[in-house]
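Geometric and topological summary
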Amino acid sequence: HSSFSCEWKPTNPDTTSLFDHMYQLEGIPTIRVITDMDLYYKNSLKEEYQPAEVLITDPAGEEIINTMARIRTRGNVRKKVCGVPPAKIDFSKEDLTEAGFLKLDDLKFVFPCGRSKLDQERLYREYLIYTIYELISEHAIHAALVRIELEGATKVEYDFTGFVVEDEEEYERRKNATIIEEGKITYGGIERESFLKMTFFQYMIANTDWGVSTKHNLEIVKLNDEQLVLALPYDYDFSGFVGHNYAEPNDQLPIKSVHQRYYFPYEISLDEFDSMVVYYKSMQPAIIEKINNATYLKEKTRKACADYLMEFFELLDKPKRLKKSIIRKVR
């Protein structure tokens, strides 16, 4: 195949990273990756970088960046069970600067797990969760849909829609924040209201694949003007809302299926419980509207997503029943 030309259209170098630029686009950009696909599959468990040609175009077909980069697999479970392991692409800082972007050089991708239409719908469902959490928290981690063409030496092997997830450095810059990598975190050190919103959110989407002390699927974030830290969720492929075949609850939990909602036994007071019921009832119209407007999903899937969350909203109307599931110990 011919290599790409090197004509770049600079954007504002002071403010925009490549990820931000893609996130802010109206419509879905396309990323074309040419690499040794056989090697990519072979090395899927090793997470070793290999060279790739990368061309990103905006929805109108205008070039955003066109360069040599490096690609490797990522994702704990998905790289073992999925037909196409998720990817991380590492750009050269010089190439990004030349293209008019900040030097934030990593893009983290999530792909459909396989080639079926169902796999594509499940990917869209997971992306939808990120957009719903943006309604819940102004500090949410961003994600953006991208059309992906993965090309080997001779042919396009995959052509589907995935999404790119904001990585740690991106987030730190955008929010003027520090992500806490080291040290032990207890739930008492997390800003209370955001913690409660996050735990009810995980309950709403039936996700138990997260943990505070292990920082599992949570970014622990210190905003520079706040005393306490926030716990921001990501990675929802084990949620009942997404419904992957490979998703199973941890065998330490008293549930048999990821579709069973379970609230971890964190201490929560009656007042806190009541305030979350009021809050999530107030958010119901916006959340359902977000689902109904997710036109990338089939109409049938949108209805299934809304129905799935309506089970949670109906529980809010029966707080006595819900209380039994959530309040184990009252402070």
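Here the structure is shown first, and the text comes after it.
Described below are features of the structure shown in this document. Here the structure is a predicted model, which is why all the values come from computation and not from measurement. (Residues numbered from 1 in each chain as written. Predicted model: local features only at pLDDT ≥ 70, side-chain atom pairs only at ≥ 80, totals over all residues. Heavy atoms only, no water.)

**Looking at the overall build of the protein chain**
When you go through the protein chain residue by residue, the secondary structure sums to 10 helices and 10 strands. Relative to a compact globule of 331 residues, whose C-alpha radius of gyration would be 20 Å, the protein chain shows 21 Å and is just as compact. When the backbone C-alpha atoms are referred to their principal axes, the protein chain occupies close to 65 × 45 × 35 Å. Going through the 331 residues of the protein chain one by one, you find that 57% of them count as buried. Here the protein chain holds 44 positive side-chain charges and 55 negative ones, and the gap between their average locations is 8 Å. (Helix = DSSP H or I, 4+ residues; strand = E, 2+ residues; numbered from the N terminus. Rg over C-alpha atoms; globule rule 2.2 N^0.38 Å. Buried < 20%, exposed > 50% of the residue type's maximum accessible area, 1.4 Å probe, protein only. Lys, Arg positive; Asp, Glu negative; His and termini not counted. Charge placed at Lys NZ, Arg CZ, Asp CG, Glu CD.)

**Topic: the pattern of salt bridges**
Applying the stated criterion to the full structure yields 19 salt bridges. One salt bridge in this structure joins Lys88 and Asp106, with 3.9 Å as the shortest N-O distance. Taken as a pair, Lys88 in strand E4 (residues 87-90) and Asp106 in strand E5 (residues 106-110) lie far apart in primary sequence, 18 residues in all. For the pair formed by Lys88 and Asp106, the shared burial category is buried. Among the ionic pairs, Glu149 bridges to Arg147, the shortest N-O distance being 3.0 Å. The partly exposed category is assigned to Arg147, whose relative accessible area is 32%. Each of Arg78, Glu126, Asp235 and Asp237 takes part in a single network of salt bridges with overlapping partners. (Salt bridge = Lys/Arg side-chain N within 4 Å of Asp/Glu carboxyl O.)

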